[in-house]
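Descriptive analysis of the structure
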Amino acid sequence: MLDFPRWKVIAISLLVGFGVLMSLPSLLFGESHKYWPSFLPDVTINLGLDLQGGSHILLEADPADVAVTRLETMEESVRAVMRRADPRIDIGDISRRDGAVSFMVRDSTQVDAAREELVTLTTGAGLTGQRDWDIEVFDDTRFVVTPTDAGLESAVDNAMETATDVIRRRIDAMGTREPTIIRQGENRIVVQVPGLDDPEALKALLGQTAKLEFKLVDFEADPNAVAAGRPPVGSQIFPYPDNPSGLPNIAVKRLGGITGDRLTDASQGFEPDTNAAVVNITFDAEGGARFARLTQNNVGRPFAIILDGEVLSAPNINEPILGGSAQISGSFTVETANQLAIALRSGALPVELKIVEERTVGPDLGADSIRKGMIAAIIATVAVLTFMVATYGRFGVYSNIALALNLFIIVGVMAMFNATLTLPGIAGFVLTVGSAVDANVLINERIREERRRGRRIHQALEVGYKEASRAIFDANITNVIAGLLLFMFGSGPVKGFAVVLMIGIASSVFTAVVFTRMLVALWVRKNRPQELVI
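First, a word on what this report is: a plain description of the structure on this page. What you see is a predicted model; the values in this text were computed from it and never measured.

Rules used in this analysis
- Residues numbered from 1 in each chain as written.
- Predicted model: local features only at pLDDT ≥ 70, side-chain atom pairs only at ≥ 80, totals over all residues.
- Heavy atoms only, no water.
- Patch = residues over 30% accessible without salt bridge, like charges linked within 9 Å, V, L, I, M, F, W, Y side chains within 5 Å.
- Areas by Shrake-Rupley, 256 points an atom, 1.4 Å probe, with all protein chains shown as cover.
- Salt bridge = Lys/Arg side-chain N within 4 Å of Asp/Glu carboxyl O.
- Lys, Arg positive; Asp, Glu negative; His and termini not counted.
- Charge placed at Lys NZ, Arg CZ, Asp CG, Glu CD.
- Helix = DSSP H or I, 4+ residues; strand = E, 2+ residues; numbered from the N terminus.
- Buried < 20%, exposed > 50% of the residue type's maximum accessible area, 1.4 Å probe, protein only.
- Pairing = 2+ DSSP bridges.
- Axes fitted to C-alpha atoms, helices over the stretch in contact; angles between N-to-C directions.
- Contact = heavy atoms within 4.5 Å.

Okay, a negative patch on the surface next. A cluster of acidic residues, Asp-62, Asp-242, Asp-308, Glu-310 and Glu-352, forms a negative patch on the protein surface. Mapped onto the fold, Asp-242 is located in the loop between strand S9 (235-239) and strand S10 (249-253). Its relative accessible area of 41% is what places Asp-242 among the partly exposed residues.

If you want it as structure tokens, here you go:
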């Protein structure tokens, strides 16, 4: 019991002092925080959505969009592999009717070669043992490539994972701290951004697919047919709101364009002549080479810049663009150009996401939550402190000191891990106040029991701490297991509660068992009491 050498006392004191030091920046709110010394660590707890306000948005994707995109990609891939085959495989027009890609091989002797090429375009669908596409041959020369259910499920899952990463990059580019971005179900994503001042900008950014395409304009198309929405063979129609000719639509070549997945950078800038806001983009090596070939082979012809299915502009190619850079112009403001640049930098969403739920939490509500939470914590703390002193005297004082340090350590550890404090986290604090002294109650009651059995003071203290510690560790291990399960399977607020709970359990065991034992040992060794009042 009295085996507390100087090094152990110093080590425990430094550990407790470090925890307290880490907590102070978080506790010095407002103006006081600016006086914090610069040479000391400055880590603080982040406040969650329910404490400082912000935006909660639920996004949903339509799996049908993924299916359509897969069909378009498969059509392009079929054309490419047949064209690159050696010898080249001559095929007829490709159809995408009835949710499948079908085409005919003109030379029946190339059917086997065509099948071999198509097999390279299919992969396994996760761990299902199935392929993502079925390949069938009808009438000896007609191929039908049909997506499987397992392949579609795998594609939707991959698209949602990619969309989650893209959303995270977009929000990080806005400079917002500690967003919560998690998947909900198969095709939904929950986004919570604390402290956001402009939720409309967030909605505009998240709702933008940012699918960028460069396609040649079909200038031979009949304007009347285009205006009526009837595209020529081999072309497609897109809306063009700012068309100088006044027509609402424009026809572009369906094949041979460039997509924006080859971008390496995008930034907001200004047109030198007009000072209008534009977006400057830069391609990678392959994208730059393809863009150079497109402009070299089509000098004097217009090409359309298409964003999310809408034409921004359709300038003429006056000369080849060989530097791997280009400029997107349109009816931009500085804010909208910057938002587009962020969306393009972070990558295009693989599927369109629609906002199906939106909630805004005001900072006043968060302030009220903090105030009421602090009132609850203060009442609980005062009640526990009073009870411990009234019941256990000096040992109650030691327990109260451990309790106070425990709260400081919890805040310090959360700040070190850059954790986010939510309203359930405050509930975890209040719960910790009660459970933190539970270990000291067990220890003190066990010491009382040993004294009633006639043991001497030193023996009673030694046995009391030793025997009570077993029950304390066993009980808290079960609490930690519960906290881990809450953290693993819970969402935002539940995870916040679990984090505070687990940190509180670890720190309360340390302060209740180790720190109070050190205080008791130092007091006994110094005063050599003849009677123990507890």
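Here the focus is the pairing of strand S13 (residues 277-283). Within S13, five of the seven residues are buried, which leaves it mostly tucked inside the rest of the structure. Strand direction decides the pairing type here: strand S12 (residues 263-270) and S13, joined by seven bridges, are antiparallel. Residue pairing for S13: Ser-267 is matched across the bridge by Asn-280. Where S13 meets strand S16 (residues 325-328), four bridges bridge the pair, whose relative direction is antiparallel. Bridged to Thr-282 within S16 is Ser-325.

The next thing to look at is the sheet that holds strand S4 (residues 133-138). Strand order in the open sheet formed by three strands is S3-S5-S4, and the pairing between neighbours is antiparallel. For this open sheet the edge positions go to strand S3 (101-104) and S4, each flanked by a neighbour on one side alone. For this sheet the average axis-to-axis angle between neighbouring strands, irrespective of direction, equals 15°. With four bridges joining them, S3 and strand S5 (residues 142-147) adopt antiparallel strand pairing. Within the sheet, the bridge partner assigned to Met-104 lies in S5 and is Arg-142. Sheet strands in contact with helix H4 (residues 111-119) are S3, S4 and S5, and its direction is about 15° off that of S5.

A separate point is the sheet that holds S16. The strands making up a sheet associate through backbone hydrogen bonding, with each pair oriented either parallel or antiparallel. What the three strands build is an open sheet, ordered S12-S13-S16; its pairing is antiparallel. Of all the strands in the sheet, just S12 and S16 have a single pairing partner and so form its edges. Between one strand axis and the next, the sheet turns by 25° as a mean value, whatever way the strands run. In the packing of helix H8 (residues 285-297) onto the sheet, the strands contacted are S13 and S16, and the crossing angle to S13 comes to about 110°.

On the surface, a cluster of nonpolar side chains totalling about 730 Å² of accessible area is made up of Ile-477, Ile-481, Leu-484, Leu-485, Phe-487, Met-488 and Phe-489. Along the polypeptide, Ile-477 turns up in helix H14 (residues 457-489). Owing to a relative accessible area of 49%, Ile-477 belongs among the partly exposed residues under this scheme.

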